[in-house]
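A look at the structure
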Amino acid sequence: MNIFRHRPLALLAPALLLAAAACSPAGGSATVAVPTPDAKTAPVCRDLDRALPRKVNGQTRADPEPRSVYTAGWGSPAIILRCGIVRPPKMIDPKVAQGDDPDAMGGGVDGVDWLMEKESDGTWRFTTSERRAYVQVTLPKKWSGPDDSAQVLMDLAPAVKKAIPEGIASMRG
């Protein structure tokens, strides 16, 4: 018996509710998935949370939901930082290393190396490399211009350098 034929709306309603809940931030703040760093990465991510600036690119810190020491946000729409993420696949993609990927490249800002990935919607995502934890910064379209993105990374660089030692992060995050 095909249950989808008899109850299509019964299955669709919970899916729509979950999608709406994921897109509707509580209290006006952003909603993000909280990373689950391993035991070696978690302490440096907690150190980063304490070192993060109150303002980034002129935007005041407004952490996303659910609250966590592994996530931070600034402004609205929010600039989002996540610490302890899993290594992005592009981090080890030979095309990126050779400069053959038009949507991803490596670079450094104020002593912190980043994998820079252009998303399909034109926004940018930055992930630290050469550090003992992967820190990911996602910029909304409003802050994805070259001047804004450079300022965001410059504002975050002192905290990253202070809290996340140089080295190789675990693949897990």
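Every chain begins its residue count from 1, and numbering advances along the sequence as written. Totals for whole chains, interfaces and linings use all residues, but because this is a predicted model, local features are given only for residues with pLDDT of at least 70 and pairs of side-chain atoms are given and counted only at 80 or more. To get the side-chain values, take all heavy atoms of the structure and skip hydrogens and water.

**Observations concerning the pairing of strand β6 (residues 112–118)**
Exposure categories follow from relative accessible area, calculated using a 1.4 Å probe and restricted to protein chains: below 20% of the type maximum is buried, above 50% is exposed, and the middle band is partly exposed. Secondary structure follows DSSP: runs of H or I at least 4 residues long count as helices, runs of E at least 2 residues long count as strands, and numbering of each begins at the N terminus. Of all seven residues that make up β6, five are buried, and the element is covered over most of its length. Pairing between strand β5 (residues 104–109) and β6: six bridges, direction antiparallel. Within β6, the residue paired with Gly107 across the bridge is Trp114. In the sheet, β6 pairs with strand β7 (residues 124–129) via six bridges, with the strands oriented antiparallel. When the bridges of β7 are listed, Lys118 appears paired with Trp124. Each pair of strands is called paired provided DSSP finds at least two bridges between the two strands.

**With respect to the side chain of Gln59**
Following the sequence through the fold, Gln59 ends up in strand β2 (residues 59–60). Exposure remark for Gln59: the relative accessible area of 18% places this residue in the buried category. Sequence-distant contacts of Gln59, defined by excluding residues within four places in its chain, comprise Arg54, Trp74, Gly75, Ser76, Ile79 and Trp143. We call two residues contacting when some pair of their heavy atoms lies within 4.5 Å.

**Section: the environment of Asp113**
Examined against the element boundaries, Asp113 turns out to sit in strand β6. For the pair Asp113 and Thr127, spaced 14 residues apart in sequence, the C-alpha separation works out to 8.3 Å. Once you skip the residues sitting within four places of it in the chain, Asp113 turns out to touch Gly107, Gly108, Thr127, Thr128, Ser129 and Glu130.

**Quick notes on the sheet that holds β7**
Strands belonging to one sheet form pairs held by backbone hydrogen bonds; the direction of such a pair is parallel or antiparallel. In spatial order, the strands read β3-β4-β8-β7-β6-β5; together these six strands make up an open sheet with antiparallel pairing. Strands at the two margins of the open sheet, each flanked by one partner only, are β3 (71–74) and β5. Recorded for the sheet is a direction-independent mean angle of 20° between the axes of neighbouring strands. Between N-to-C directions, angles cover 0 to 180 degrees, with each direction set by a line fitted to C-alpha atoms, over the stretch in contact for helices.

**Quick notes on the packing of helix α3 (residues 42–51) against helix α5 (residues 146–163)**
Packed helices, taken two at a time, are described by the angle their axes make and the gap between the axes. In the contact formed by α3 and α5, the axes pass within 9 Å of each other and the chain directions differ by 145°. You can see that α3 and α5 cross each other, and the crossing is right-handed. Note on element contacts: α5 touches α3 through Ala159, Val160, Lys162 and Ala163, opposite Val44, Asp47, Leu48 and Ala51. Under this grouping Gly is polar, as are all residues other than the nonpolar Ala, Val, Leu, Ile, Met, Phe, Trp, Tyr, Cys and Pro and the charged Asp, Glu, Lys and Arg. For the contact of α3 with α5, a count of residues per class yields six nonpolar, no polar and two charged. Whether a crossing is left-handed or right-handed is set by the direction in which the near helix is turned from the far one by less than a right angle, anticlockwise for left-handed and clockwise for right-handed.

**A short note on the packing of aromatic side chains**
Stacked, edge-to-face and tilted are the three classes for Phe, Tyr and Trp ring pairs, Trp counted by its six-membered ring, which pair at centre distances within 6.5 Å; planes under 30 degrees apart are stacked, over 60 edge-to-face, the rest tilted. Scanning all chains against the criterion turns up two aromatic pairs. Relative to Phe126, the ring of Trp114 has its centre 6.5 Å away and its plane inclined at 85°; by these criteria the two rings are edge-to-face. Of this pair, Trp114 sits in strand β6 while Phe126 sits in strand β7; the two residues are twelve residues apart in sequence, bridging distant segments of the chain. Since its relative accessible area comes to 1%, Trp114 is described here as buried. Residues Trp124 and Phe126 carry aromatic rings whose centres are separated by 6.3 Å and whose planes lie at 20° to one another, so their mutual orientation is stacked. Here Trp124 falls in the buried class, since its relative accessible area comes to 17%.

**A look at the nonpolar core**
Across soluble globular proteins, you tend to see nonpolar side chains buried next to one another. Core analysis: the biggest nonpolar cluster contains 31 residues, and Leu48, Leu81, Val137 and Ile164 have the highest contact counts within it. Elements with a contribution of two residues or more to this core: α3, β3, β4 (79–83), β6, β7, β8 (135–138) and α5. At seven residues, the largest contribution of residues to this core is made by α5. Excluding anything up to four places from it in sequence, Leu48 contacts Leu81, Cys83, Val135, Ala159, Val160, Ala163 and Ile164. Definition used in this section: a nonpolar core is a set of buried Ala, Val, Leu, Ile, Met, Phe, Trp, Tyr and Cys residues joined via side-chain atoms within 4.5 Å.

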